[in-house]
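# Structural overview
What follows is each chain in one-letter form.
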Amino acid sequence: MKKSIFNVAFILLLLLVVSSTAFANEPISLGEADWPGIWAKDAVAKYIMTNIGYDVEIKSVKNVMIYKSMADQGIDIYLGSWMPSDKPIRNEMEDELQVVNTNLEEGLYTLGVPKYAWEAGVKSFADLDKYAEKFDHKIYAGPVGWAFTEAIQKAIDNDIYGLGDWEIVNSSQTAMIANMERAMKKEDWIVTLAWKPHWMNYIMDIKYLDDPKEVWVSAESWVNTLTRNGFKDDHPQIHKFLKNFKVNAEISNEWIYYIGYKEQEPMEVAKNWVQDNPDQVKKWLEGVKSADGRDAFKVLKENLNLKIK
């Protein structure tokens, strides 16, 4: 009987070791949704991790599918969990994911209008219906399924702010921003979902509207870094890096501007930025070991010939 129990315990231990080894030998995967902010973060994180000896891949998947894939252990890391926008899907899978940190704290995500509309009196959701004809009774939003889009649709359905006879125009993020830019060049009135950090704020003078009835949970937004369950045990050094990896709006705006507006390749932007900002990278790699167990920043410095005191 004792021998049988020992054999079962040995087999379970062996399976655990094999499973852990399998994860350790697979590339570390970053989930990537369709917006420049996450392209930038993923590129910078991948560039750093690769140059300290880790095998890293980026998997481009729709936002909602990233969460489902992480729950199924198919994606390791997500650097683009916008809150509170992603709260509904996060709530569904809170036991399947681990929150590592908040990598951006200065976000804003709500309806925006051109400066000239704001100066004319549109400073709140409550002001929209006064100028319904100028806006053609339309609110331009992102794809169907975005939490913000659903919140605005509920406001229309319930005639909040007098929006009962308005309609939502859904489109891809890219098409939505392009439409906003075209309207502003002609000084047409438009109300659209907008956010920062983003390059749209570099090239367009956007004013963000108050929401006194709180149709949307909060205009203030933040971005979390998430990992799949078990990632910390499989990759403790990368987990340390992720804990340290935080950016402010200024850094994020710079990345997004070059990638999203100037259309530079994300990895090229990452390479140039890391070369120009070794002091910041050093902070992110504090206490982190490379894949071969050495000081990660020293390895990065040697591999990239970084100039730092």
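Heads up: these notes are all about the structure in this document.

Conventions adopted
- Residues numbered from 1 in each chain as written.
- Predicted model: local features only at pLDDT ≥ 70, side-chain atom pairs only at ≥ 80, totals over all residues.
- Heavy atoms only, no water.
- Helix = DSSP H or I, 4+ residues; strand = E, 2+ residues; numbered from the N terminus.
- Buried < 20%, exposed > 50% of the residue type's maximum accessible area, 1.4 Å probe, protein only.
- Contact = heavy atoms within 4.5 Å.
- 1 Å grid on protein atoms, 1.4 Å probe; cavity = no way out; pocket = protein on both sides within 12 Å on 5 of 7 lines; lining within 4 Å.
- Points joined across faces, edges and corners; volume = space filled by probe spheres on them.
- Nonpolar A, V, L, I, M, F, W, Y, C, P; charged D, E, K, R; others polar.
- Arc of directions from axis to C-beta.
- Phe/Tyr/Trp six-rings, centres within 6.5 Å; stacked < 30°, edge-to-face > 60°.
- Lys NZ or Arg CZ within 6 Å of the ring centre and 35° of its normal.

Right, let's talk about the side chain of Asn253 for a bit. Along the chain, Asn253 turns up in helix α11 (residues 249-261). Assessed through its relative accessible area of 15%, Asn253 is described here as buried. In this view, Asn253 contacts Pro197, His198 and Tyr202; residues no more than four positions away in its chain are not counted.

Here we come to empty space enclosed by the protein. A full pass over the atoms with the stated rule returns one cavity of 30 Å³ or more. Roughly 110 Å³ of internal volume is contained in the largest cavity. Lining the largest cavity are 14 residues, with Trp35, Gly37, Ile38, Trp82 and Ile256 sitting closest to its centre. Those elements that provide at least two residues to the lining of the largest cavity are α2 (36-50), β3 (77-83) and α11. Of the residues assigned to the lining of the largest cavity, the class counts are nine nonpolar, four polar and one charged.

This part covers helix α12 (residues 266-276). Listing the buried residues of α12 in full gives Val269, Ala270, Trp273 and Val274. Along the long axis of α12, the arc covered by the buried residues comes to 125 degrees, so they all point the same way. Tucked into the core, α12 has its buried residues touching α2, α11, α13 (278-284) and α14 (296-304).

Here the largest pocket is characterised by a volume of approximately 670 Å³. Around the largest pocket sit 25 residues that line it, and Trp35, Asn63, Val64, Gly145 and Trp146 are the ones nearest its centre. Mapped by element, the contributors of at least two residues to the lining of the largest pocket are α3 (63-71), α4 (87-92) and α6 (147-157). The class makeup of the residues in the lining of the largest pocket is 14 nonpolar, six polar and five charged.

Below, the discussion takes up the packing of aromatic side chains. Under the definition given, this model contains 19 aromatic pairs. Consider the rings of Trp146 and Trp195, whose centres lie 6.2 Å apart with planes at 65 degrees: the pair is edge-to-face. One end of the pair, Trp146, is in the loop between β5 (138-141) and α6; the other, Trp195, is in strand β7 (residues 192-196), with 49 residues separating them in the sequence. Accessibility classification places Trp146 together with Trp195 in one group, the buried group. Each ring, one from Trp255 and one from Trp273, has its centre 5.3 Å from the other, and the planes form 85 degrees; the classification is edge-to-face. Of this pair, Trp255 sits in helix α11 while Trp273 is found in helix α12, placing the two residues 18 residues apart along the sequence. We note that Trp255, like Trp273, is buried. Ring-pair connections join several aromatic residues into one group, and the members of that group are Trp82, Tyr109, Trp146, Phe148, Trp195 and Trp216. Stacked on the ring of Trp118, the Lys or Arg Lys123 has its end atom at 4.3 Å from the ring centre. A cation over an aromatic ring shows up here: Lys134 above the ring of Trp189, its NZ or CZ 4.8 Å from the ring centre.

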